[in-house]
Amino acid sequence: LPEIGKTWEVYVSQPTTKTNEKGFISSASVIEAFLSLSPSPNAIKVYQAIWNKQNKSKGKGQFVRCVKRRTDKSDRGGNVVAAMEISNVDSVDKVYRIITEHMKLGEVNPKACECMRCYIQGNERLDEEQPSQAIALYNQALHSANSTPKISAQLPEGAILMKRARAYLQRA
């Protein structure tokens, strides 16, 4: 659980051009992974960001800035307690490591990580017009989400069901 009076703000870079590279998860998927894997709804707030000088590293993942703030009622903006920048965030596993190892927000249920991984891979297959593979991945995601009731509250079960329905329609 997050420390009382402290919260993390995560800023995820938005690409200036659209990319569909294999093995590259979108900034929207990175944002969704941070929100879904957060140990509690108030532990992490996630924002889209465009910086004047975007990270020009050769990696294909998103650039992420994480800022830990002290949030006291008397302190409107919140004092910065810690900050870090991470480049090449290109998978759910990297988001998992950032949350557990760098932000030190405690243990994230591995089933939640598996659920998000399958969901994002299902989205990729759906975009590639491979509905049968997408359906199988969405079914795996739902199974992971439902196998541990404690984790299902923050996982995008409704979105998974809608995407699976779309895959069935695409296949028909």
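Residues numbered from 1 in each chain as written. Predicted model: local features only at pLDDT ≥ 70, side-chain atom pairs only at ≥ 80, totals over all residues. Heavy atoms only, no water.

Trainee: I'm lost on the pattern of salt bridges in this one. Help?
Mentor: One side chain can pair with another of opposite charge once the charged atoms of both are near each other. This structure, assessed with the given rule, holds 7 salt bridges. We note a salt bridge from Arg-65 to Glu-85, for which the minimum N-O separation is 2.7 Å. In this pair, Arg-65 is assigned in strand S3 (residues 62-70) and Glu-85 in strand S4 (residues 79-89), connecting sequence segments 20 residues apart. The residue Lys-111 makes a salt bridge to Glu-114 at a minimum N-O spacing of 3.9 Å. (Salt bridge = Lys/Arg side-chain N within 4 Å of Asp/Glu carboxyl O. Helix = DSSP H or I, 4+ residues; strand = E, 2+ residues; numbered from the N terminus.)

Trainee: Whenever I open this one, the packing of helix H3 (residues 110-127) against helix H5 (residues 157-171) confuses me. Can you help?
Mentor: The packing of two helices is summarised by the inter-axis angle and the distance between the axes. Direction vectors running N to C along H3 and H5 enclose 30 degrees, while the axes themselves pass 11 Å from each other. With respect to their mutual orientation, H3 and H5 come out roughly parallel. Classified by chirality, the crossing of H5 by H3 is left-handed. Mapping the contact onto sequence places Cys-115, Tyr-119, Asn-123, Leu-126 and Asp-127 in H3 and Ala-159, Ile-160, Lys-163, Arg-166, Ala-167 and Gln-170 in H5. Class assignment of the residues belonging to the contact of H3 with H5 gives a composition of 6 nonpolar, 2 polar and 3 charged. (Axes fitted to C-alpha atoms, helices over the stretch in contact; angles between N-to-C directions. Parallel < 35°, antiparallel > 145°, perpendicular 65-115°, else oblique. Left-handed = near helix turned anticlockwise from the far one by under 90°. Contact = heavy atoms within 4.5 Å. Nonpolar A, V, L, I, M, F, W, Y, C, P; charged D, E, K, R; others polar.)

Trainee: Please clarify how the nonpolar core should be interpreted in this entry.
Mentor: When a protein is soluble and globular, its nonpolar side chains tend to lie buried together. Core analysis: the biggest nonpolar cluster contains 42 residues, and Val-10, Phe-34, Leu-37, Ile-44, Cys-66, Ile-99 and Met-103 have the highest contact counts within it. With 8 residues, the top contributor of residues to this core is H3. Aside from chain neighbours lying at most four places away, what touches Leu-37 is Val-92, Val-95, Tyr-96, Ile-99, Val-108, Ala-112, Cys-113 and Met-116. (Core = buried A, V, L, I, M, F, W, Y, C linked by side-chain atoms within 4.5 Å. Buried < 20%, exposed > 50% of the residue type's maximum accessible area, 1.4 Å probe, protein only.)

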